[in-house]
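Tertiary structure, described
Chain by chain, the residues run as shown.
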Amino acid sequence: VRSKKKEESLEHGHIPLQLPGEFNQANARAALCAAQVAYPDLATEDGEVQALAALASFHGSWRRFEYKGEMANGTLVYDDYAHHPTAVRETLEAAKTRFPHARVWAIFEPHTYSRTKATLPELVASFDAADQVLLAHILSAQAAIIYIATIKPPDPASCWRVQRARDDRAMPSW
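Notes on the structure in this doc start here. (Residues numbered from 1 in each chain as written. Predicted model: local features only at pLDDT ≥ 70, side-chain atom pairs only at ≥ 80, totals over all residues. Heavy atoms only, no water.)

Side note on the overall build of the protein
Along the protein, the regular secondary structure elements total 7 helices and 5 strands. When the elements of the protein are put in sequence order from the N terminus, they spell out α-α-α-β-β-α-β-α-β-α-α-β. (Helix = DSSP H or I, 4+ residues; strand = E, 2+ residues; numbered from the N terminus.)

Right, here's the structure in full:
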């Protein structure tokens, strides 16, 4: 994304956003480029200022680093639907960036036996930015009944204990 005013308005491609994380920065840059192609008026200096203001005021979408509230002890609660290892890693890194001095806890319920089995080593590693992980049982979604009948599902909790040197916990589903 380049324009005459870009050097003044964006420092090293950084767009002021409400949302944390490099993946949100990348999405914002892509959205700005797409908007400027679709609407050439946005490629002018005035148009770019308007587009950047719109991006800066965007609070995000449902279940993507969505602020849910504050607990009585001051703990902030956010919800994110991340289930793929890349999304989990990026979300937790964004939380650490947004709250560098806070302890970040991840409460995670894996979705589908097949995805959990296919990505388990990467999934375990994706929680490295979390200070503590609470792991629920795998949510039996879609074709899980057929899958259970043919292949023994993985045990994420035992894999966690082997691969992580922290006091993470497995817990029953809600």
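That covers the picture; the talk isn't over yet.
Quick look at the layout of surface pockets
If you add up the space inside the largest pocket, you get close to 960 Å³. Lining the largest pocket are 29 residues, with Tyr78, Asp79, Trp105, Ala106 and Ile107 sitting closest to its centre. Of all the elements in the fold, those that place two or more residues in the lining of the largest pocket are β2 (76–79), α4 (85–98) and β3 (105–108). In terms of residue class, the lining of the largest pocket is built from 19 nonpolar, 5 polar and 5 charged. Its boundaries defined by the atoms lining it, the second largest pocket holds a volume of some 210 Å³. Along the walls of the second largest pocket sit 14 residues, with Leu19, Asn24, Asn27, Phe58 and Gly60 positioned nearest its centre. Counting residues per element, the lining of the second largest pocket draws most heavily on helix α2 (residues 22–38), which supplies 5 residues. (1 Å grid on protein atoms, 1.4 Å probe; cavity = no way out; pocket = protein on both sides within 12 Å on 5 of 7 lines; lining within 4 Å. Points joined across faces, edges and corners; volume = space filled by probe spheres on them. Nonpolar A, V, L, I, M, F, W, Y, C, P; charged D, E, K, R; others polar.)

Re the pairing of β2
Pairing geometry for strand β1 (residues 66–70) and β2, over 4 bridges, is antiparallel. Bridging across to β2, glutamate 70 finds its partner in leucine 76. Joining the antiparallel neighbours β1 and β2 is a turn of 5 residues, in which glycine 74 adopts a positive phi near 95°. (Pairing = 2+ DSSP bridges.)

So, the packing of α2 against helix α3 (residues 45–57)
With their axes 11 Å apart at the nearest point, α2 and α3 run at an angle of 140° to one another. Considering only the axes of α2 and α3, their crossing is right-handed. For the pair α2 and α3, contact is made by Ala28, Ala31, Leu32 and Gln36 and by Glu48, Ala51, Leu52 and Leu55, respectively. Partitioning the contact of α2 with α3 into residue classes produces 6 nonpolar, 1 polar and 1 charged. (Axes fitted to C-alpha atoms, helices over the stretch in contact; angles between N-to-C directions. Left-handed = near helix turned anticlockwise from the far one by under 90°. Contact = heavy atoms within 4.5 Å.)

Concerning the environment of alanine 94
Locating alanine 94 in the fold gives a position in helix α4. Along the primary structure alanine 94 and phenylalanine 23 are separated by 71 residues, whereas in three dimensions their C-alpha atoms are 8.5 Å apart. In this structure alanine 94 touches Pro20, Gly21 and Phe23, once residues within four positions along its chain are discounted.

Honestly, that's just the spatial picture; any functional story needs more than this.
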